[in-house]
Amino acid sequence: MTSSTTPAGTIRYWAAAKAEAGTPEEPYRARTLAEALAQARDRRADRPYFARLLGRCAFLVDGHPVGGRGHSAVPLAHGGTVDVLPPFAGG
């Protein structure tokens, strides 16, 4: 459940993630990265490849790599930014 105290920010999609999301960016209202990504997947329930692609992406939260941390342990800030970076050819 979201409320006025739930952080709001922006998810930015890059390369193949942007193409599959159908938008370069969208707002989030979520306390954790896991919540924000679940909302993004739910909005695209008719695009199963989007969910699979997210499973292979790297994420930056406010410019900091998420790495191997569990997404439910990554807090989001009000006014923050989540960058969704799909795998790129060559590394």
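Rules used in this analysis
Residues numbered from 1 in each chain as written. Predicted model: local features only at pLDDT ≥ 70, side-chain atom pairs only at ≥ 80, totals over all residues. Heavy atoms only, no water. Helix = DSSP H or I, 4+ residues; strand = E, 2+ residues; numbered from the N terminus. Rg over C-alpha atoms; globule rule 2.2 N^0.38 Å. Buried < 20%, exposed > 50% of the residue type's maximum accessible area, 1.4 Å probe, protein only. Contact = heavy atoms within 4.5 Å. Areas by Shrake-Rupley, 256 points an atom, 1.4 Å probe, with all protein chains shown as cover. Pairing = 2+ DSSP bridges. Axes fitted to C-alpha atoms, helices over the stretch in contact; angles between N-to-C directions.

**Digging into the overall build of the protein**
Broken down by element type, the protein carries 3 helices and 5 strands. Ordered by position from the N terminus, the helices and strands of the protein form the series β-α-β-α-α-β-β-β. The C-alpha atoms of the protein give 12 Å as radius of gyration, which agrees with the globular expectation for 91 residues (12 Å, within 12%). Each principal axis of the C-alpha atoms in the protein carries an extent, and together these give about 40 × 30 × 20 Å. Looking at the protein as a whole, 35% of its 91 residues are labelled buried. Considering only contacts in the protein between residues 6 or more positions apart, those separated by 24 or more positions represent 61%. Only carbon and sulfur atoms are counted for the fraction: they give 56% of the accessible area of the protein, which is about 5200 Å².

**Quick look at the sheet that holds strand 5 (residues 81-85)**
One open sheet holds the 5 strands; their spatial order is 2-1-5-3-4, and the pairing between them is mixed. The two strands at the open ends of the sheet, each matched to only one other strand, are strand 2 (25-29) and strand 4 (64-65). One ladder, built from 4 bridges, connects strand 1 (residues 8-13) with strand 5; its direction is parallel. Across the sheet, the residue bridging to Tyr13 is Val84, located in strand 5. The strands touched by helix 2 (residues 33-43) within the sheet are strand 1, strand 2, strand 3 (58-61) and strand 5, with strand 2 carrying the most contacts at an inclination of about 125°.

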